[in-house]
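What follows is each chain in one-letter form.
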Amino acid sequence: MPLKRRDFLAFGAGLTLGPLLAWMQKQGAVAANSPQVPLLRFVAVADTGTGAAGQYEVANAMLAWYKLNPFSLVTLAGDNIYNDGEMEKIGPNFEKPYQGLLQAGVKFYACLGNHDIRTHNGEGQIRYPGFNMGGRYYTFTQGPVQFFALDTNRGNHWDAQLAWLKEQLSKSRAAWKVVFGHHPIYSSGIYGTNPAMVEQFAPLFEKYRVQLYINGHEHDYERSHPIKGTTYLTVGAGAGIRPVDRSGWTAYSASRLSFASLDVMANQLIIHTVGTDGQVFDQGVIERVS
């Protein structure tokens, strides 16, 4: 529920800070459990680029959330332009839906999905300034977080990419390490867990203490319990939805249009997942282990 100025004045006049925060959290006006200012707040979403009603509903919810809980960047975990990654659709399938966020200076950092590589192997998206891609796979740092963006489409310099990721993780001194790619590693959606990716990535994540892996491809939302220190977050409900089940490691799953907002604190990463009604329907906390 948007917080109108008259409501804020009316309630603020008669409440101390604690009750006021509690009331605002109940209304969805501030992120629950986050009265402190985070060191970094970012949003994660995927499978967005349809240009259809579902994408606009999520995009509008993201903008409304931004106005109450400002964030500086969005990780866009692939399938950025349907159906075939055609750059001539970049206006209606990206720039128009997120116009308000782009005008506010929010930066989107994309990786390539399976639909994105259907046209020129995704080269147009790699060069597109609005996706801020430093290559087919790349890394960047914001505040206490180092992000590692992958191209999880098989055949695109796979061995070189794995060697690069291992080297970059081994050199990283960031307090928080977040990897994002399009394809799921652990999933209870229609594609399920990918044993080959578990074998290739999970040991790296454990060894180098990657706290979070973000993916799309499954058109649903799912948050895992930590698996050997890593939480796996599926945010593929950015424009459409499919059914999702639960696994033994599932903390929460939903077939619901949504995005995730992540507050990075010194020793916690707090996840709030938001539906198109603007309400938080899942919350999780990742603890940083020194």
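All values derive from a computational prediction rather than experimental measurement.

**Q** Quick one: what's the story with the pairing of strand β12 (residues 268-275), residue by residue and with numbers?
**A** Regular strands place their side chains on alternate faces of the sheet. Where burial is concerned, most of β12 is hidden: seven out of the eight residues are buried. Alignment of strand β11 (residues 258-264) against β12, held across seven bridges, turns out to be antiparallel. Note on β12: the bridge partner recorded for Leu262 is Ile271. Here β11 folds back onto β12 in antiparallel fashion, the turn holding three residues. Across seven bridges, the pairing between β12 and strand β13 (residues 280-287) is antiparallel. Directly across from Ile271, in β13, lies its bridge partner Gly284. In this antiparallel pair of consecutive strands, β12 and β13, the connection spans four residues, and Gly278 shows a positive phi of 85°.

**Q** Outline the nonpolar core, supporting the account with residue identities and numerical values.
**A** Residues Met62, Phe147, Phe180, Ile214, Phe259 and Leu262 are the most contacted members of the largest nonpolar core, which totals 56 residues. Counting residues per element, this core draws most heavily on helix α3 (residues 53-68), which supplies six residues. Contact partners of Phe147, with chain neighbours within four places excluded, come to Leu40, Phe42, Leu73, Thr75, Tyr138, Thr139, Phe140, Gln142, Val178 and Phe180. Among the nonpolar cores identified, the runner-up in size contains 22 residues, and Phe148, Val179, Tyr208 and Ile227 belong to it.

**Q** Provide a residue-level description of the pattern of salt bridges, including the pertinent values.
**A** Tallied over the full model, the rule gives eight salt bridges. Across the pair Arg256 and Asp277 runs a salt bridge whose closest N-O atoms are separated by 3.2 Å. Here Asp277 lies in the loop between β12 and β13 and Arg256 lies in the loop between β10 (250-254) and β11, a separation of 21 residues in the sequence. What makes Arg256 partly exposed here is its relative accessible area of 30%. Counted as one network, the salt bridges with shared partners bring together Glu123, Arg136 and Asp151.

**Q** I'd love a proper account of the sheet that holds strand β5 (residues 145-149), names of residues and values included.
**A** One open sheet accounts for seven strands, arranged β4-β5-β6-β7-β9-β8-β10; its pairing is mixed. At either end of the open sheet lies a strand with only one pairing partner, and these are β4 (138-142) and β10. Across this sheet, the average inter-strand angle for adjacent strands is 15°, counted without regard to direction. Sheet analysis places strand β6 (residues 176-180) next to strand β7 (residues 212-215), joined by three bridges and oriented parallel. The partner of Val178 across the bridge, within β7, is Leu212. In the packing of helix α7 (residues 158-171) onto the sheet, the strands contacted are β4, β5 and β6, and the crossing angle to β5 comes to about 175°.

**Q** Lay out α7 in plain terms, naming residues and giving numbers.
**A** If you check α7, its first and last C-alpha atoms are 20 Å apart, about what 14 residues at 1.5 Å a residue would give, namely 20 Å. Trp158, Gln161, Leu162, Trp164, Leu165, Gln168 and Leu169 are the residues of α7 that are buried. Seen along its axis, α7 keeps its buried residues to an arc of 160°; they face one direction.

**Q** For the side chain of Asp282, give the residues involved together with the corresponding values.
**A** With respect to the element layout, Asp282 can be found in strand β13. Relative accessible area serves as the criterion here: at 5%, Asp282 is assigned to the buried category. Within the structure, the side chain of Asp282 is placed 2.6 Å from the side chain of Tyr221, a separation counted as a polar contact. Sequence-distant contacts of Asp282, defined by excluding residues within four places in its chain, comprise Tyr221, Arg223, Tyr252, Ile271, His272 and Thr273.

**Q** Outline helix α8 (residues 195-207), supporting the account with residue identities and numerical values.
**A** The terminal C-alpha atoms of α8 lie 18 Å apart, and with 13 residues this matches the ideal 18 Å at 1.5 Å per residue to within 8%. Helix geometry: α8 is bent most strongly at Phe201, by close to 30°, with proline Pro203 lying one to four residues after it. The complete set of buried residues in α8 reads Met197, Val198, Phe201, Ala202, Leu204 and Phe205. Its side-chain oxygen 3.1 Å from the backbone nitrogen of Ala196, Asn194 forms the N-cap of α8.

Reading guide: rules and limits
- Residues numbered from 1 in each chain as written.
- Predicted model: local features only at pLDDT ≥ 70, side-chain atom pairs only at ≥ 80, totals over all residues.
- Heavy atoms only, no water.
- Buried < 20%, exposed > 50% of the residue type's maximum accessible area, 1.4 Å probe, protein only.
- Helix = DSSP H or I, 4+ residues; strand = E, 2+ residues; numbered from the N terminus.
- Pairing = 2+ DSSP bridges.
- Core = buried A, V, L, I, M, F, W, Y, C linked by side-chain atoms within 4.5 Å.
- Contact = heavy atoms within 4.5 Å.
- Salt bridge = Lys/Arg side-chain N within 4 Å of Asp/Glu carboxyl O.
- Axes fitted to C-alpha atoms, helices over the stretch in contact; angles between N-to-C directions.
- Expected span 1.5 Å × (residues − 1).
- Arc of directions from axis to C-beta.
- Polar contact = N/O pair within 3.5 Å; in protein donor to acceptor, adjacent residues only side chain to side chain.
- Bend = angle between axes of the 7 residues up to and from the residue.

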